[in-house]
Amino acid sequence: MKHTNSQKEAFIPYTQLDVAPTDIPQRALEHYTLMDQRRSVREFSDQPVPKEVIENLIMTASTAPSGAHKQPWTFCAISSAEIKRQIREMAEKEEYESYHGRMSDRWLKDLEPLGTDWQKPFLEIAPWLIVVFKKVYDLDDQQEKVNNYYVNESVGIATGMLIGAIHQAGLVTLTHTPSPMNFLQKILERPANERPYMLLPVGFPAEGVQVPNLTRKTKEEVMVCFED
Ligand code: IYR
């Protein structure tokens, strides 16, 4: 694609990965195999994870594409025992209500195979919690509101990349969505334009942890192909 002179300075050459085309099938298969080993883990060890690791995981998430490159996200990384305690207390309060009346019988039945309940000890045991916030709008230098675009899509992609990076590093996580979760905005003192999107405990799995015996949909179930 050609760009006019006025735009030209804003463009730089793309540096393609140095991958031989003959290596691509193998690389695609290897990455699938790696990602297929990812599981949501709900019991954590308290073994520490260095802050630098968390920083690199978050910076990986922040490489995600976003609407108009607005990068409408903030990642709060929490290892403070007191803040984790407050988050657990509030999350369990909301989850208790959800599991005792707010969620439908059908929903509770769908969750049975996962073995979840209102208790969330991982919120205190995992060495780090990452709370992903979406920025529903931004503020300019004059504190005027400026638009962000495709915020849910952008933050969803970033969160997916975060989950992939956590797994690739050799750590585990799960996507926790206490509902409602505005208490996170309060505890973490985030500004009004930031809304909690998802909470991910990050760390090592508890020794001998088990996960539900799930299978994934087959290629035939998830892929529809149109080709000549
Ligand atoms: N937010 C609750 C309930 C929950 C809902 C779904 I959909 C899940 O896949 C898992 C749990 C919780 O975190 O327990």
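The structure we're discussing is the one just above.
Residues numbered from 1 in each chain as written. Predicted model: local features only at pLDDT ≥ 70, side-chain atom pairs only at ≥ 80, totals over all residues.

Draft legend 1. Layout of the packing of helix H3 (residues 51–61) against helix H7 (residues 151–169). Two elements in contact, H3 and H7, have axes whose closest approach is 8 Å; the angle formed by their N-to-C orientations is 140°. Classed by the angle they form, the pair H3 and H7 counts as oblique. Of the two elements, H3 crosses H7, and the hand of that crossing is right-handed. Where H3 approaches H7, its residues Val-53, Leu-57, Thr-60 and Ala-61 are matched on the opposing element by Ala-158, Thr-159, Met-161, Leu-162, Ala-165, Ile-166 and Ala-169. (Axes fitted to C-alpha atoms, helices over the stretch in contact; angles between N-to-C directions. Helix = DSSP H or I, 4+ residues; strand = E, 2+ residues; numbered from the N terminus. Parallel < 35°, antiparallel > 145°, perpendicular 65-115°, else oblique. Left-handed = near helix turned anticlockwise from the far one by under 90°. Contact = placed C-beta atoms within 7 Å.)

Draft legend 2. A look at the nonpolar core. Trp-128, Leu-129, Ile-130, Val-131, Val-132, Leu-162 and Val-202 are the most contacted members of the largest nonpolar core, which has 35 residues in total. Going through the elements one at a time, H3, strand E1 (73–78), helix H4 (81–102), helix H6 (122–125), strand E2 (128–135), H7 and strand E6 (194–203) are the ones with two or more residues in this core. (Core = buried A, V, L, I, M, F, W, Y, C linked by C-beta atoms within 7 Å. Buried ≥ 20, exposed ≤ 12 C-beta atoms within 10 Å, placed from the backbone.)

Draft legend 3. Region of interest: the pairing of E6. Counting buried residues in E6 gives nine out of 10 residues, a clear majority hidden from the surface. In terms of strand pairing, E2 meets E6 through eight bridges, oriented antiparallel. Paired with Phe-133 across the two strands is Pro-196, which belongs to E6. The pairing of strand E5 (residues 172–173) with E6 spans two bridges and is antiparallel. Within E6, the residue paired with Val-172 across the bridge is Gly-203. (Pairing = 2+ DSSP bridges.)

Draft legend 4. Looking closely at the environment of Leu-162. Within the secondary structure, Leu-162 sits in helix H7. The exposure class assigned to Leu-162 is buried, which follows from the 25 C-beta atoms found within 10 Å. Spatially, the C-alpha atom of Leu-162 lies 20 Å from that of Leu-188, the residues being 26 residues apart in sequence. In this structure, Leu-162 is in contact with Leu-57, Thr-60, Ala-61 and Leu-200, ignoring residues within four places of it in sequence.

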